[in-house]
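Structural characterization, general
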Amino acid sequence: MSLFKKFSKIQIWIMGVLFFVLGTDHLKALENVENLWSARIPISLDGTIKPIDTLRIQTSIGGRITSLEVEENEVVQKNQELLKLKNETQKQQLELAKLQLEINKNNLKDRTQQITLMQVQLKTSKNAVTDRERQLKLLNLQIKTSLNNVKDRERQVKLAELQLQTSRNNLRDRQRQVTLAETQINISKNSLKDQETNLKDIERRLKDEQTLFEQGSSTKSQLDAVQLQKDRGLLSLDNAKLNLSRSEEDVNGAKIAVENAENAVLRSEQDHEGAKIALENSKITLMKTEQDVEGGKLALENAKLALLRSEQEVVRAQLAEENAKFSVKLSKQEILLRQDSLDDTVISSKISGIVIKKYFEEGEVVGNGARLFDIVNIDRVEIEVGVKEEDLSRIQIGQKVVFTTPAYPNQRYAGKVDRLSWTANTQDGKFPVFIHAANPNLQLRSGMSAKV
């Protein structure tokens, strides 16, 4: 309404007149088209009746027909037995397939056990590698200990050498002391002799002075002076004896010191030799440890190689297990195939229908793929008709149709368009249209003509 408010009444009247004129011409054109199509309806088409379900039964194996259960034109049901074949080869192959399945199952069990053993071996190899690594670490620590021990032994040898040199120097010093002490003894002995000679001379002088004093030729002081000299001589003699005694003791002490020094030198030499031996032993121990380290490295490499082999064995065992599983699966499929082949010795119908053709008789031998029966299911039929191009647009899938057949001219049958071909027939240019219909009381037969 709001749109028409914008125009005046005159404008609206003019537009109405134009619309009437133009609309009337358009309606007339449409009426002519409808009349044209109405003149062509209904469409009448000719076709041939044929069954929808047609089964050609063939054998998948060869053999001799031992029993034939049906004849031509006989009605059969789905899964109904038609014939039996004798084929001992299929039975033997089935038994062999079952035997092979058992073998493959046992092989699979063996492979599974092998995987378990390989996994245990793998764990053992891993533990061996860990153990070898620990041993190598311990050996490396042992090398460090041995190196430190060698260095310590070398220091001990040097200390022993220094101690030996010190002991030898001490021995020489003690020997010099003995020489000095012996020299001192000689000096003390000479001094003692001198004091004894001096004392004898003083005693002689004292005796002469005593005689002179008694004779009055000498004074008391002179006598006392000589007496004093005697006393001093006696004292000097005692001192000389003491010095000699001390010198002798010094000599004895020096000799003891020399013996102690010699013993010390001997001990130092023994210590030095012992240090050398200990150093050699330490070097030998170090060498052995180094060899042990090399052996440990080699053992570790061998353990790693064993671990790698174990890992590869596990992978190989797993692959073998997979292959064994695959073999078991193949054996099961082979049994199914052999069972199917054995089952194929009993031929049954896959559909319900009528046996329209039988190709062999009981007792005959058939080959692999031989055609045995033709069975049709006539409960529903199909009619193929050709539609011209100009009529194709009026045909739709699911569209209801009515058809008749000369066999029953007074009876009409209902059907539906099932499908339309996308390509035309090259001979007549018509498009095939397929109609499906029910077959009440099985009145319709294959090959009957139909007008749709």
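Note that the structure is predicted; figures quoted are calculated from it, not measured.

1. Side note on the overall build of the protein chain
The secondary structure content of the protein chain amounts to 3 helices and 12 strands. Taking all 452 residues of the protein chain together, 29% fall into the buried category.

2. Brief notes about the nonpolar core
By size, the foremost hydrophobic cluster in this structure holds 19 residues, and its most contacted members are Ile49, Ile383, Phe403 and Ile435. The set of elements that each furnish at least two residues to this core consists of β8 (371-387), β9 (400-405), β10 (408-420) and β11 (431-438). Looking at which element gives the most residues to this core, the answer is β8, with 5 residues. Ignoring any residue separated from it by four or fewer positions in sequence, one finds Phe403 in contact with Ile49, Ile383, Gln411, Arg412, Tyr413, Ala414, Ala437, Leu444, Ala450, Lys451 and Val452. Core analysis: the next-biggest nonpolar cluster, separate from the first, contains 18 residues, Leu55, Val70, Leu82 and Ile347 among them.

3. Considerations on a nonpolar patch on the surface
A cluster of nonpolar side chains, contributed by Leu96, Leu99 and Ile103, occupies part of the molecular surface with about 300 Å² of accessible area. Relative to the helices and strands, Leu96 resides in helix α2 (residues 88-215). In this structure Leu96 comes out as exposed when scored by relative accessible area, which is 56%.

4. Quick notes on the layout of surface pockets
Empty space among the atoms becomes visible once a probe the size of a water molecule is rolled across them. Quantified by volume, the largest pocket comes out at close to 300 Å³. Ile43, Ile395, Gln399, Lys400 and Val401 are, among the 16 residues lining the largest pocket, the residues nearest its centre. Every element with two or more residues in the lining of the largest pocket is listed here: β9 and β11. At 3 residues, β9 tops the list of elements feeding residues into the lining of the largest pocket.

5. Thoughts on unusual backbone geometry
We note that Asn73 has phi near 70°; this positive angle belongs to a residue other than glycine. With respect to the helices, strands and loops of the structure, Asn73 is situated in the loop between β2 (63-68) and β3 (75-76). The phi dihedral of Leu442 is positive, around 50°, even though this residue is not glycine. Mapping Leu442 onto the fold places it in the loop between β11 and β12 (449-451).

6. Remarks on the pattern of salt bridges
Under the criterion given, the structure shown has 16 salt bridges. A salt bridge links Arg134 to Asp131, with the shortest nitrogen-to-oxygen separation between them at 3.5 Å. With a gap of 3 residues between them, Arg134 and Asp131 both fall in helix α2, about one helical turn apart. What makes Asp131 partly exposed here is its relative accessible area of 28%. Ionic contacts of the salt-bridge type, sharing partners, join the residues Lys50, Glu382, Glu384, Asp418 and Arg419 into one network.

7. Topic: the confidence of the model for the protein chain
Detailed reading of the predicted coordinates is not advisable wherever pLDDT is low. On average, residues of the protein chain score 85 in pLDDT, and 88% of them are at 70 or above. Scored below 50 in pLDDT, residues 1-7 shows 3 contacts in the model against residues more than four places distant or in partner chains. Below pLDDT 50 for its whole length, residues 32-40 participates in 6 contacts with residues either more than four positions away or in separate chains.

8. As for the pairing of β10
Across 5 bridges, the pairing between β9 and β10 is antiparallel. Looking at the pairing, Val402 lines up with Ala414 of β10. Hairpin remark: β9 followed by β10, antiparallel, with 2 residues in the connecting loop.

9. Structural notes on the side chain of Gln443
Of note, Gln443 is situated in the loop between β11 and β12. For Gln443, the side chain forms a polar contact with the side chain of Tyr413, separated by 2.6 Å. Filtering out sequence-adjacent residues up to four positions away, Gln443 remains in contact with Tyr408, Gln411, Tyr413 and Met448.

10. Things to note about the sheet that holds strand β4 (residues 81-86)
One open sheet holds the 4 strands; their spatial order is β5-β4-β2-β7, and the pairing between them is antiparallel. Strands at the two margins of the open sheet, each flanked by one partner only, are β5 (346-348) and β7 (365-366). Pairing between β2 and β4: 4 bridges, direction antiparallel. Bridge pairing links Arg64 to Lys86 in β4.

So, how was this worked out
Residues numbered from 1 in each chain as written. Predicted model: local features only at pLDDT ≥ 70, side-chain atom pairs only at ≥ 80, totals over all residues. Heavy atoms only, no water. Helix = DSSP H or I, 4+ residues; strand = E, 2+ residues; numbered from the N terminus. Buried < 20%, exposed > 50% of the residue type's maximum accessible area, 1.4 Å probe, protein only. Core = buried A, V, L, I, M, F, W, Y, C linked by side-chain atoms within 4.5 Å. Contact = heavy atoms within 4.5 Å. Patch = residues over 30% accessible without salt bridge, like charges linked within 9 Å, V, L, I, M, F, W, Y side chains within 5 Å. Areas by Shrake-Rupley, 256 points an atom, 1.4 Å probe, with all protein chains shown as cover. Salt bridge = Lys/Arg side-chain N within 4 Å of Asp/Glu carboxyl O. 1 Å grid on protein atoms, 1.4 Å probe; cavity = no way out; pocket = protein on both sides within 12 Å on 5 of 7 lines; lining within 4 Å. Points joined across faces, edges and corners; volume = space filled by probe spheres on them. pLDDT = per-residue confidence, 0-100. Pairing = 2+ DSSP bridges. Polar contact = N/O pair within 3.5 Å; in protein donor to acceptor, adjacent residues only side chain to side chain.

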